[in-house]
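Single-letter residue listing:
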Amino acid sequence: MPIASLNVQDRALKPIAEKILAGERLTFEDGVALYKSNDLLALGRLAHHVRDKLHGDRTYFNVNRHINPTNVCVASCKLCAFGRKPDAPGAYTMALEEAFRTAGENWTEAVTEFHIVGGLHPDLPFEYYTDLIRGLKDRFPDVHLKAFTAVEIAYYSHVTRLSIREILERLKNAGLGSLPGGGAEIFAPAVRRVICDHKIGAHTWLKVHRIAHEMGLHSTATMLYGHIESAEDRVDHLLQLRALQDHTGGFRAFIPLAFHPANTELGKLVPWPETTGFMDLKNIAASRLLLDNFPHIKAYWIMMTPRVAQIALRFGANDLDGTVVEEKIYHDAGAKTPQTTTRPQIIRLIQGAGLEPIERDTLYRPVVRTETSVTVQV
Ligand code: V47
């Protein structure tokens, strides 16, 4: 593609655009320049160019259900509106049978993934989690179980005094399929001290994912933006993920997450009410351009709104996530989006952007549906 067709207005972007068109890796300084640029359309065209080389028009989504077995949490992260102390109003913990029942609510054969995350409960034994995974696998053998953030895995290791590898082995033996990408927030220690003081640091978050990848489990990665972090903090975060991916290749997708301030302590410190569409699209484009070794960039519609997520599909993203069914973490923090959507609605968003919808399973294998069967193409 000739650089002229990108119509780059910001002079600082021109040498970076040359590098991208030549397929060269971007540096830390390039990343900061991407974030500092307001030439959003050029960023979008560059990111779409990369997306197009990787995926053409193919745009992914899945049919999934979120399950949050407990919101009881020993940590008091300022960024979070979901966690509760055990005796606080609204605190809940599902008995195993209740979690199985929740998983089966509005059940259709179309569901291919349960996305399971919860708080750091002070009293639940580790067996609760292995029994949860085993029980779900027994009842829904064809559903992929994407469960427990690195923060939860490190907590189980801490309370049981078992190694992270041993915890992951036991969960994998029970039926765990992969790890979700939550809890990464922003790796910069000075920011972490403010937004999630009691959480594991970057080193442990990355270690959990490294060990999972070494064991053959895939995972995803996230970054929380739109609070007190700087452009430099975001680039540092993305480059630490890129470095681990160079090593293991185990990340399937990256999901930038916009901070939602309502009902959070951090919301009182952040001078603006919420992220803007401009910032959301810039994060999608910058992550597509910096994470050259991540196959997929997800525009999580719950967090971005379906309207902005649809536009993000032409700013570097190639995945909209799924149907979700019941979302708590963002809705406790004031998200105005619906809690669920349907296959036809997702397909409409993708086709409306002139792209080709591909239903996938968690590992991005196409799911083929006929009236009577669902097959994952291996
Ligand atoms: O871990 C918590 C973040 C994450 C807030 O892996 C908040 O495919 C914004 O990780 N405002 C949960 N963000 C969501 C998540 C996720 C979502 C979709 C797909 C995948 C995937 C992962 O949300 C938490 C935390 O990082 N979070 N509170 C808040 N107030």
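Since this is a predicted model, take the numbers as computed values, not measurements.

A. Representation of the pairing of strand 3 (residues 113-116) in the model. Residues Glu113 and His115 line one face of strand 3 and the alternating positions Phe114 and Ile116 line the opposite face, and both faces are buried. For the crossover from strand 2 (residues 64-67) across helix 4 (residues 96-104) to strand 3, the handedness is right-handed. Alignment of strand 3 against strand 4 (residues 144-147), held across four bridges, turns out to be parallel. Its bridge partner being in strand 4, His115 is matched across the sheet by Lys146.

B. Examining the site of the ligand more closely. Around the ligand sit 24 residues in total, of which Lys146, Glu185, Thr220, His260 and Lys298 are the nearest. Thr220 is positioned with one of its side-chain polar atoms (N or O) 2.6 Å from an oxygen atom of the ligand. Between the ligand and the protein, one listed contact pairs an oxygen atom with a side-chain N or O atom of Lys298 at 2.7 Å. Mapped by element, the contributors of at least two residues to the shell around the ligand are strand 6 (218-225), strand 7 (251-258) and helix 14 (329-332). Here the shell around the ligand is composed, by residue class, of 12 nonpolar, eight polar and four charged.

C. A look at the nonpolar core. Of all hydrophobic cores here, the largest spans 121 residues; its most connected members are Phe114, Ile116, Phe148, Leu168, Trp205 and Leu241. Mapping this core onto the domain boundaries places at least three of its residues in each of domain 1 (3-49) and domain 2 (59-376). Every residue in contact with Trp205, bar those within four places of it in the chain, is listed here: Ala150, Val151, Gly181, Gly182, Gly183, Ala184, Phe187, Ile200, Thr220, Ala221, Leu241 and Phe251.

D. Region of interest: helix 6 (residues 150-160). Most of helix 6 is tucked away, with eight of its 11 residues classed as buried. Within the sequence span of helix 6, burial applies to Ala150, Val151, Glu152, Ile153, Ala154, Tyr155, Tyr156 and Ser157. Residues of helix 6 that are buried in the fold lie against helix 5 (126-139), helix 7 (164-174), strand 5 (178-179) and helix 9 (202-214).

E. View of the environment of Lys268. Counting through the fold element by element, Lys268 comes out in the loop between strand 7 and helix 11 (277-290). Exposure remark for Lys268: the relative accessible area of 64% places this residue in the exposed category. At a separation of 2.9 Å, a polar atom in the side chain of Lys268 contacts the side chain of Glu265.

F. The sheet that holds strand 9 (residues 319-322), seen in detail. With parallel pairing, the three strands of this open sheet are ordered in space as 9-1-10. Each edge of the open sheet is held by one strand with a lone partner, namely strand 9 and strand 10 (356-359). Taken pair by pair, the neighbouring strands of this sheet meet at an average axis angle of 25°, ignoring direction. Strand direction decides the pairing type here: strand 1 (residues 58-62) and strand 10, joined by four bridges, are parallel.

G. Seen up close, the pairing of strand 2. Side chains Asn64 and His66 project from strand 2 onto one buried face, and the interleaved Arg65 and Ile67 project onto a second face that is buried too. As judged from the four bridges shared by strand 2 and strand 3, these two strands associate in the parallel manner. Paired with His66 across the two strands is His115, which belongs to strand 3.

H. Focus on unusual backbone geometry. Its identity as a non-glycine residue notwithstanding, Phe148 has a phi of 70°, on the positive side. Along the polypeptide, Phe148 turns up in the loop between strand 4 and helix 6.

I. Broad picture of the domain arrangement of the chain. Looking at the assigned domains, one finds that the chain contains domain 1 (3-49) and domain 2 (59-376). Its C-alpha centre places domain 1 at a distance of 29 Å from the equivalent point of domain 2. Taken together, the contact pairs 19 residues of domain 1 with 25 residues of domain 2. Of the roughly 2,000 Å² buried between domain 1 and domain 2 on both sides combined, carbon and sulfur atoms contribute 69%. On the domain 1 side of the interface with domain 2, the three residues burying the most area are Arg25, Tyr35 and Leu40, jointly 41% of the side's total. Taken together, the connections running from domain 1 to domain 2 amount to three salt bridges. Across the pair Asp292 and Arg25 runs a salt bridge, and its minimum N-O distance is 2.8 Å. At the level of elements, helix 2 (28-36) and helix 3 (40-55) are the ones that each hand at least two residues to the side of domain 1 that touches domain 2.

Analysis parameters
- Residues numbered from 1 in each chain as written.
- Predicted model: local features only at pLDDT ≥ 70, side-chain atom pairs only at ≥ 80, totals over all residues.
- Heavy atoms only, no water.
- Buried < 20%, exposed > 50% of the residue type's maximum accessible area, 1.4 Å probe, protein only.
- Helix = DSSP H or I, 4+ residues; strand = E, 2+ residues; numbered from the N terminus.
- Right-handed = clockwise from strand over helix to strand, strands pointing away.
- Pairing = 2+ DSSP bridges.
- Near = heavy atom within 4 Å.
- Polar contact = N/O pair within 3.5 Å; in protein donor to acceptor, adjacent residues only side chain to side chain.
- Nonpolar A, V, L, I, M, F, W, Y, C, P; charged D, E, K, R; others polar.
- Core = buried A, V, L, I, M, F, W, Y, C linked by side-chain atoms within 4.5 Å.
- Domains from an automatic or database assignment.
- Contact = heavy atoms within 4.5 Å.
- Axes fitted to C-alpha atoms, helices over the stretch in contact; angles between N-to-C directions.
- Buried area = accessible area lost by both parts, 1.4 Å probe.
- Salt bridge = Lys/Arg side-chain N within 4 Å of Asp/Glu carboxyl O.

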